[in-house]
Amino acid sequence: MAPRINLPPITRALLLILIALSTLNATLRFQKWSTSTSAADQAKPSTVSYLTSPRWAIPYLVLIPSKSIIYPWTFLTSALIENNIVSLAISGAVLWFGGRYLERAWGGREYTKFVLFVTMIPNIVTFFIYALWHSVRGYSPPSATPINGLLALSASFLVSLKQLVPEHTVSVARSMISIRLKHLPALFVLANMLSGPLLGTDTAFWLSLFGFYTGWIHLRFFRLADIGTAESASSAEGATMRGDPSETFAFVSFFPEIVHPFLAPVCNAVYDLLVQLKLIRPFPEFDVESVSASAATRSASGLPQTTSASGDGARTMEAERRRALALRALDERLNAAQPVATPSAVRLSDDSEPATKEAQA
């Protein structure tokens, strides 16, 4: 019996498309390179590889600032194309592990919206940054740097994992290096920023940066999530809330605590401005408290296990857990609001007990 691939449908489709488009891109680049260069030039060791040189990029598959504006589908297809076997293997692993978990945790619909949001918007913004730069310089190179790869989605996957387990620690090299998961997105962007001047991959910085931003914006303000409340705890479906207002998912939480006093006023000012412009909706106070309690529980318990459950089962378990947390938080607030009996009232109750017994006799 052939081995069964245990992948949800959307993740499986994305992985197959990644392999197919990357193979097609490599084949077309090789054909373009072989027909444009002589046999003598191809045999020279100094000849630039057809996989790395932007000269052989395919404008109707990947984004090229000076050519791909007439191929609008490249804003999506370029995110699922890698130029070499190493980056293809890394992107495939990201989809296999990260996509499999997130699709089962969120469901196919929310996962699809997330993937479209965090792949197309970074590509669009990066494309127009390079187009603007070329127009300012007044020169468009004949072999402009192509924009492609799964870096934006990889950065957004790290953001989503930080949302699930903000205090989880990742150990590398037999626990010699330990990094908190909440710091990985910023470190990922920093690594790609440094790789630009060293390896000539300047597009990697922009894709990872905007993937980080768009992933956080989508999860913070727009993604629909199940959340248990006191009113919906008895219902089968529960309630939904747009976004994640928990304090552990605030923008400053991605950075070391030493810079929080400097970043927090700036972030709060930007948030207030966006609310006044009605670009985002303010979070209700109760939602902030209940979701923060849920996030604290996730931090203590570690990464939830949803790999063995179906999508609907995983969402139901998550909704039940959040409803229980919300009920417990409400219980604690009600208990704290109840008045505490004074000592005089206790003495009065004790003194009146014998008289009541005599009256009953």
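Every chain is numbered independently, its residues counted from 1 as its sequence is written. Local features are withheld for residues below a pLDDT of 70 in this predicted model, meaning they are given only at 70 or higher, and side-chain atom pairs are given and counted only at 80 or more; totals for whole chains, interfaces and linings count all residues. Based on all heavy atoms of the structure, the side-chain values leave hydrogens and waters out of the count.

For the chain, the name recorded in an unreviewed UniProt entry is Peptidase S54 rhomboid domain-containing protein, with Cryoendolithus antarcticus as its organism. Regarding the chain, the UniProt comment filed under Subcellular location (unreviewed entry) reads as follows: "Membrane". UniProt positions are given in the numbering used here, feature names are shortened, and annotations may be inferred rather than shown by experiment.

(A) Layout of the packing of helix α4 (residues 85-106) against helix α6 (residues 151-164). Here an angle of 0 to 180 degrees is reported between the N-to-C directions of two axes, which are lines fitted to C-alpha atoms, with helices fitted over the stretch in contact. Secondary structure elements are defined from DSSP: runs of H or I of at least 4 residues count as helices, runs of E of at least 2 residues count as strands, and each element is numbered from the N terminus. The contact between α4 and α6 brings their axes to 11 Å, and the two run at 50°. With respect to α6, the axis of α4 lies oblique. Crossing of α4 over α6 shows left-handed handedness. Contacts between α4 and α6 pair V94, L95, G98, G99, Y101, L102 and W106 from the former with L153, S154, F157, S160, L161, Q163 and L164 from the latter. Broken down by class, the residue content of the contact of α4 with α6 amounts to 9 nonpolar, 5 polar and no charged. We call two directions roughly parallel when the angle between them is under 35 degrees, roughly antiparallel when it is over 145, roughly perpendicular when it lies between 65 and 115, and oblique otherwise. Left-handed describes a crossing whose near helix is turned anticlockwise from the far helix by less than a right angle; the clockwise case is right-handed. Contacts are assigned to residue pairs with any non-hydrogen atoms lying within 4.5 Å of each other. Under this grouping Gly is polar, as are all residues other than the nonpolar Ala, Val, Leu, Ile, Met, Phe, Trp, Tyr, Cys and Pro and the charged Asp, Glu, Lys and Arg.

(B) Examining the UniProt feature "transmembrane region" (unreviewed entry) in the chain more closely. Those places that UniProt annotates as "transmembrane region" (unreviewed entry) correspond, in this numbering, to residues 85-102 and 114-133. As a span, residues 85-102 carries 100% helix and 0% strand, and end to end its C-alpha atoms are 25 Å apart. Secondary structure over residues 114-133 splits into 100% helix and 0% strand, and the C-alpha atoms at its two ends are 29 Å apart.

(C) Layout of the nonpolar core. Residues belong to a common nonpolar core when they are buried Ala, Val, Leu, Ile, Met, Phe, Trp, Tyr or Cys residues joined through side-chain atoms within 4.5 Å. Relative accessibility thresholds used throughout: buried, under 20% of the residue-type maximum; exposed, over 50%; partly exposed, between the two (1.4 Å probe, protein chains only). Judged by nonpolar contacts, the single largest core of 46 residues is most densely connected at L95 and Y111. When contributions to this core are tallied by element, the ones reaching two or more residues are α1 (9-36), α4, α5 (108-137), α6, α7 (184-199) and α8 (202-222). If we skip the residues at most four places from it in the chain, Y111 touches I10, T11, L14, L95, G99, L102, E103, W106 and F157. One finds F75, F127, I147 and L207 within the second-largest nonpolar core, a separate group that totals 6 residues.

(D) Summary view of the packing of α5 against α8. Where α5 meets α8, the axes come as close as 8 Å, and the angle between the chain directions of the two elements is 135°. As summarised for this structure, α5 and α8 are arranged oblique, according to the angle between their axes. In terms of crossing hand, the pair formed by α5 and α8 is right-handed. Side by side, α5 and α8 meet where F114, F117, V118, I121, P122, N123, V125, T126, I129 and Y130 of the first sit next to D202, T203, W206, L207, F210, G211, T214, G215, H218 and L219 of the second. For the contact of α5 with α8, the per-class residue count stands at 12 nonpolar, 7 polar and 1 charged.

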